[in-house]
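Chain by chain, the residues:
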Amino acid sequence: MRAPLATIVGIGELTPRRSTDGESSLGLMAEAAALAVADAGLGPGDVDGLLVGQQYGEIPMHVPASVAEYLGLHPTMANVVDLGGASAAGMVWRAAAAIRAGMCEVVLCVGGAARPATGFPRSSYRAPIREYDVPFGASGANTTYAMIAQAHIDTYGTTPEELAEIAVRARANAQLNPAAIFHGTPITVDDVLASPMISTPIHLLEAVMEAAGASALVVVSPERAASLGRAGAHLLGAGEKVTHRALSGAPAITTGPLKDAMAQALVQAGVGLADLGNYQLYDCYTIVVGVTIEDLGLVAPGKFGPWLADHDFSPSGDFPMNTHGGQLGFSQCGLAGPMSHVVEAVRQLRGEAGERQVPDPRLSLVTGNGATLSEAAALVLGGTS
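Since this is a predicted model, take the numbers as computed values, not measurements.

*Asks:* What is the right way to read the sheet that holds strand β4 (residues 106–113) from this model?
*Replies:* Backbone-to-backbone hydrogen bonds pair the strands of a sheet. The strands run either parallel or antiparallel. Taken in spatial order, the 9 strands make up an open sheet running β3-β2-β4-β7-β1-β8-β11-β10-β9, and their pairing is mixed. Every interior strand has two partners, whereas the edge strands, β3 (77–81) and β9 (276–280), have only one. For this sheet the average axis-to-axis angle between neighbouring strands, irrespective of direction, equals 25°.

What follows is the structure in structure tokens.
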């Protein structure tokens with residue numbers, strides 16, 4: 001196992017809500033950032049690096065400067081990480097790289113979204129996807145992920161029940177997490193299949209429900225972490241790959257760049273699948289989890305469905321996955337959704353997950369996915385003690 005590249009020492013997360021009233025994304029991110037900095041045992045003046053996610057509607061330009069001003073920070077490194085659902089994982093390795101490059105010592109990574117009851121303001125822009133996909137209706141997450149799911153069904157004979165089972169397990173883990181937006185509402189396969197069809201073959205309960213909230217991380221050097229005396233999570237390996245923007249340009253439909261990103265993270269960490277003790281895998285739709293399981297090499301392409309029957313995703317199971325409920329059970333609060341996977345990994349490695357604590361978390365694999373299986377990032381995290 002190689003030496004740690006960096007260490008996550010602070011986390012902050014707001015309880016998700018279905019909508020907000022009179023609040024801004026900046027305000028929510030500020031709350032999460034304050035929690036993360038305090039959890040690290042640091043103050044605002046210690047933060048000299050800032051990584052933030054792309055903003056929707058509120059701050060279309062100069063995002064890092066706007067966030068830094070609002071938080072009262074004067075960072076010597078600041079940037080936007082625009083990888084969609086892969087942004088949170090991508091922030092962590094970029095923070096490590098910036099620290100090792102000597103650009104900064106303490107990096108705040110933050111994402112979040114307010115969600116007024118009337119929805120987000122929308123901006124217009126021109127890009128290839130707007131020219132060649134949108135006019136034909138091939139736009140939006142529901143439609144494009146539905147095409148991936150349908151391709152998997154057509155190619156491998158995957159069944160609706162197998163896809164629904166993934167949503168059921170996410171909700172089951174959410175019952176162990178009081179902060180999860182679906183805590184108290186478990187579901188069955190029949191419930192999933194009876195829910196409205198939003199884009200064939202995807203049912204309503206197979207897709208994330210958008211919510212409001214925020215999450216944040218503080219990343220420092222391993223030496224700084226030791227001096228702080230804080231339990232955390234070492235970054236041992238990272239991988240990233242981007243292959244396309246629109247599904248029409250994808251090299252393949254039933255596999256994606258996470259295959260290479262996860263392999264790279266494991267190689268960089270010097271570990272194998274047998275060394276992993278918990279998996280926090282991006283789960284915007286059930287089909288994404290199925291494809292990720294296959295791309296990780298746990299099972300041959302097209303075989304994730306039968307594989308599910310022999311494996312348990314619960315914290316006490318043989319394959320503890322998305323123990324906080326994942327985005328399907330916890331919520332997707334903008335870019336705080338994928339960051340929740342990183343936060344959960346830190347909690348597991350710290351032994352702070354409470355009722356959902358994995359007995360032997362060992363190492364955590366965290367993944368992020370942006371656009372439509374387009375932008376991928378993966379992390380291998382290990383405990384500091």
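*Asks:* So what exactly am I meant to see when it comes to the UniProt feature "domain: Thiolase C-terminal" (unreviewed entry) in the protein chain here?
*Replies:* Here, the residues flagged by UniProt with the feature "domain: Thiolase C-terminal" (unreviewed entry) are residues 239–382. Across residues 239–382, helical content stands at 32% and strand content at 17%; the span's end C-alpha atoms are separated by 15 Å.

*Asks:* Teacher, can you tell me more about the side chain of Ser 374 here?
*Replies:* Mapped onto the secondary structure, Ser 374 falls in the loop between β10 (363–370) and β11 (375–383). Here Ser 374 falls in the buried class, since its relative accessible area comes to 0%. Within the structure, Ser 374 has its side chain in polar contact with the backbone nitrogen of Thr 372 (distance 3.1 Å). In this structure Ser 374 touches Lys 241, Val 242, Thr 243, His 244, Arg 245, Pro 257 and Asn 369, once residues within four positions along its chain are discounted.

*Asks:* Sorry if this is basic, but what is going on with the environment of Ala 151 here?
*Replies:* Considering the arrangement of structural elements, one finds Ala 151 in helix α5 (residues 141–156). Spatially, the C-alpha atom of Ala 151 lies 7.0 Å from that of Ile 253, the residues being 102 residues apart in sequence. In this structure Ala 151 touches Ile 253 and Thr 254, once residues within four positions along its chain are discounted.

*Asks:* Sorry, what's going on with the nonpolar core here?
*Replies:* One recurring pattern in soluble globular proteins is that nonpolar side chains are buried together. If you look at the biggest cluster of nonpolar residues, it comprises 47 residues, and the most contacted ones within it are Tyr 145, Ile 287 and Val 380. Taken together, the elements giving at least two residues each to this core come down to α5, α6 (160–174), α9 (258–269), β9, α10 (286–295), α11 (304–308), β10 and β11. Ranked by residues supplied to this core, first place goes to α9 with 6 residues. Ignoring sequence-local partners within four residues, the contact set of Val 380 consists of His 234, Leu 235, Leu 236, Gly 237, Ala 265, Leu 266, Ala 269, Val 271, Leu 363, Ser 364 and Leu 365. Ala 95, Ala 233, Ala 238 and Val 346 belong to the second largest nonpolar core, which has 35 residues in total.

*Asks:* Would you mind showing me how to read the packing of aromatic side chains here?
*Replies:* For any pair of aromatic rings, the description rests on two quantities: the centre-to-centre distance and the angle between the ring planes. Considering all chains together, one arrives at 5 aromatic pairs under this definition. An angle of 45° between the planes, with centres 6.2 Å apart, marks the rings of Trp 307 and Phe 313 as tilted. Taken as a pair, Trp 307 and Phe 313 share a single burial class, namely buried. Residue class for Phe 313 comes out buried when judged on its relative accessible area of 3%. One aromatic cluster in this structure is built from Tyr 279, Trp 307, Phe 313 and Phe 319. We note Arg 169 situated over the ring of Phe 313; from NZ or CZ to the ring centre the distance is 4.7 Å. Just above the ring of Phe 182 sits the side chain of Arg 171; from NZ or CZ to the centre is 3.6 Å.

*Asks:* How should empty space enclosed by the protein be read in this particular structure?
*Replies:* Picture a little ball the size of a water molecule; that probe, rolled over the atoms, points out where space is still empty. Scanning the model with the defined rule gives 1 cavity of 30 Å³ or more in all. For the largest cavity, the calculated volume is near 50 Å³. The leading source of residues in the lining of the largest cavity is α6, at 4 residues. The residue inventory of the lining of the largest cavity, partitioned by class, reads 6 nonpolar, 2 polar and 2 charged.

Each value, and the rule that gives it
Residues numbered from 1 in each chain as written. Predicted model: local features only at pLDDT ≥ 70, side-chain atom pairs only at ≥ 80, totals over all residues. Heavy atoms only, no water. Pairing = 2+ DSSP bridges. Helix = DSSP H or I, 4+ residues; strand = E, 2+ residues; numbered from the N terminus. Axes fitted to C-alpha atoms, helices over the stretch in contact; angles between N-to-C directions. UniProt positions renumbered as here; feature names shortened; annotations may be inferred. Buried < 20%, exposed > 50% of the residue type's maximum accessible area, 1.4 Å probe, protein only. Polar contact = N/O pair within 3.5 Å; in protein donor to acceptor, adjacent residues only side chain to side chain. Contact = heavy atoms within 4.5 Å. Core = buried A, V, L, I, M, F, W, Y, C linked by side-chain atoms within 4.5 Å. Phe/Tyr/Trp six-rings, centres within 6.5 Å; stacked < 30°, edge-to-face > 60°. Lys NZ or Arg CZ within 6 Å of the ring centre and 35° of its normal. 1 Å grid on protein atoms, 1.4 Å probe; cavity = no way out; pocket = protein on both sides within 12 Å on 5 of 7 lines; lining within 4 Å. Points joined across faces, edges and corners; volume = space filled by probe spheres on them. Nonpolar A, V, L, I, M, F, W, Y, C, P; charged D, E, K, R; others polar.

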